[in-house]
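Close look at the chain arrangement
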Amino acid sequence: MRMLYSGYQAWNDMLAPARFGAQFALGMRDKMGPMADWAMPRRMFALMDVFQGARVTHKRPAYAITSVRSGNADVAVREEIVADLPFGDLLHFVKDEVETAQPRVLVVAPMSGHFSTLLRSTVVTLLRDHDVYITDWKNARDVPLEAGRFGFEDYVDYIIQFFQTMGPGAHLLSVCQPCVPALAAVAVMAEDKDPATPKSMTLMGGPIDTRVAPTVVNDLANDKPIDWFEKNLISTVPFRYAGRGREVYPGFLQLSAFMAMNMERHGSQHRELYQLLADGKTVEADKIKTFYEEYFAVLDMTKEFYLETVDLVFQRTLLAKGELMHRGRPVNPGAIRKTALLTVEGEKDDVCAVGQTAAAHTLCTGLRPHLKRHHLQPGVGHYGVFSGSKWEKQVYPQVRNMILSMN
């Protein structure tokens, strides 16, 4: 499997001329005048549009957040890199026109095959009332070998370093897979009496204890020994990239696995996209295209981070058992005494089932009852916890109130 990446790249190179041709043809559409709206040309252009768009990309899409509604005004937003580390940046969404200081929130994004832009809608909602930062992870294939390794403990260290850069008084919001390292980071900071320990932590749809109501995702992680994952899923970055020679779990492999679980739905979506384009319904088509532009943008994970996450979080559930170590010392969530805890779960979440995130309350024995809250959101799956109308109207108010109460 070490040469799989090279084979994948060769296949992409073979398709490149056809994709270029389709893109070139689409560029001629505007020059055809009224003929472009005839039924036959429209169907041809629709086919080319779907073909050239159904491709995997490896660069982070733009967040494209230029303004938000904050208070009673539209406020301009700009991006600023506060800390530039080899495997990820601390990115700040700056609102210069806000006169009253707002609570600072670090959004800890997953490193799970997609870029942090997957949480764009989460950030947009938070920006209404908060000063938002995010862990903007980099594609491992673009990180030179000289930068060293990046494993589970390094992920925890990055969270700690980002909070120390932000300074005292910030808050944490973590989505999905990083809830475990995020909780570990807060525990380490609390035990060290670090002044930058966040005032609150919101854990959303995260695998704190995957022994609770295991899902298909959990079963797949436990179906094979860890050696199988290394042998069958790890590949080497080809020479043409900056991270040449680095061993990674390629994002295109994870994307393939996700798509295989819902192949009928994805096929149906692309058929619908073709029909919408052929019918000239560009507004409706753009919604599908925008989703897949993000979905097909994949990020490679380092071999060590991927394998350690499978092993520590999903197979041995060390944090839930009280056995997780960080840099040679036990991780003790019981040391957290001042950081309020909010857990959020989706009733229909088939990635992190109900109870897996709420397990954090059992671990945080040092928190008094008034510093613990749990919200179970009816009618949503995994993504509905942090995006969509129910996130905005029902989940977000819970998050905002928690942060406000501790600010």
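Residues numbered from 1 in each chain as written. Predicted model: local features only at pLDDT ≥ 70, side-chain atom pairs only at ≥ 80, totals over all residues. Heavy atoms only, no water.

Moving on, we come to the overall build of the protein. Broken down by element type, the protein carries 14 helices and 15 strands. The C-alpha radius of gyration of the protein comes to 22 Å, within 12% of the 22 Å expected for a compact globule of 407 residues. With respect to the principal axes defined by its C-alpha atoms, the protein has extents near 70 × 55 × 40 Å. The 407 residues of the protein split such that 53% are buried. Relative to all contacts within the protein whose residues are 6 or more apart in sequence, the contacts with residues 24 or more apart total 78%. Carbon and sulfur atoms make up 56% of the accessible area of the protein, which amounts to about 18,500 Å² in all. Counting 45 positive and 46 negative side-chain charges, the protein places the averaged centre of each group 2 Å from the other. (Helix = DSSP H or I, 4+ residues; strand = E, 2+ residues; numbered from the N terminus. Rg over C-alpha atoms; globule rule 2.2 N^0.38 Å. Buried < 20%, exposed > 50% of the residue type's maximum accessible area, 1.4 Å probe, protein only. Contact = heavy atoms within 4.5 Å. Areas by Shrake-Rupley, 256 points an atom, 1.4 Å probe, with all protein chains shown as cover. Lys, Arg positive; Asp, Glu negative; His and termini not counted. Charge placed at Lys NZ, Arg CZ, Asp CG, Glu CD.)

The next point concerns the nonpolar core. Phe93, Leu172, Leu183, Met204, Ile208, Tyr306 and Ile336 are the most contacted members of the largest nonpolar core, which totals 104 residues. Top contributing element to this core by residue count: helix H5 (residues 179-191), with 11 residues. When residues of this core are assigned to domains, at least three fall in each of domain 1 (3-55 + 251-296) and domain 2 (67-221 + 301-406). In contact with Ile208, not counting residues within four places along its chain, are Cys179, Val180, Leu183, Leu203, Ala320, Gln356, Thr357, Ala359, Ala360 and Leu363. Counting residues in each nonpolar core, the second largest holds 14 residues, with Ala46, Leu255, Leu273 and Val298 among its members. (Core = buried A, V, L, I, M, F, W, Y, C linked by side-chain atoms within 4.5 Å. Domains from an automatic or database assignment.)

What follows covers the state of the cysteines. Here the structure, examined in full by the defined rule, presents 0 disulfides. Of all cysteine sulfurs, the one in Cys176 lies closest to Cys352, which takes part in no disulfide; the gap is 4.8 Å. Free of any disulfide, Cys364 has its nearest neighbouring cysteine sulfur in Cys179, separated by 12 Å. (Disulfide = S-S within 2.5 Å.)

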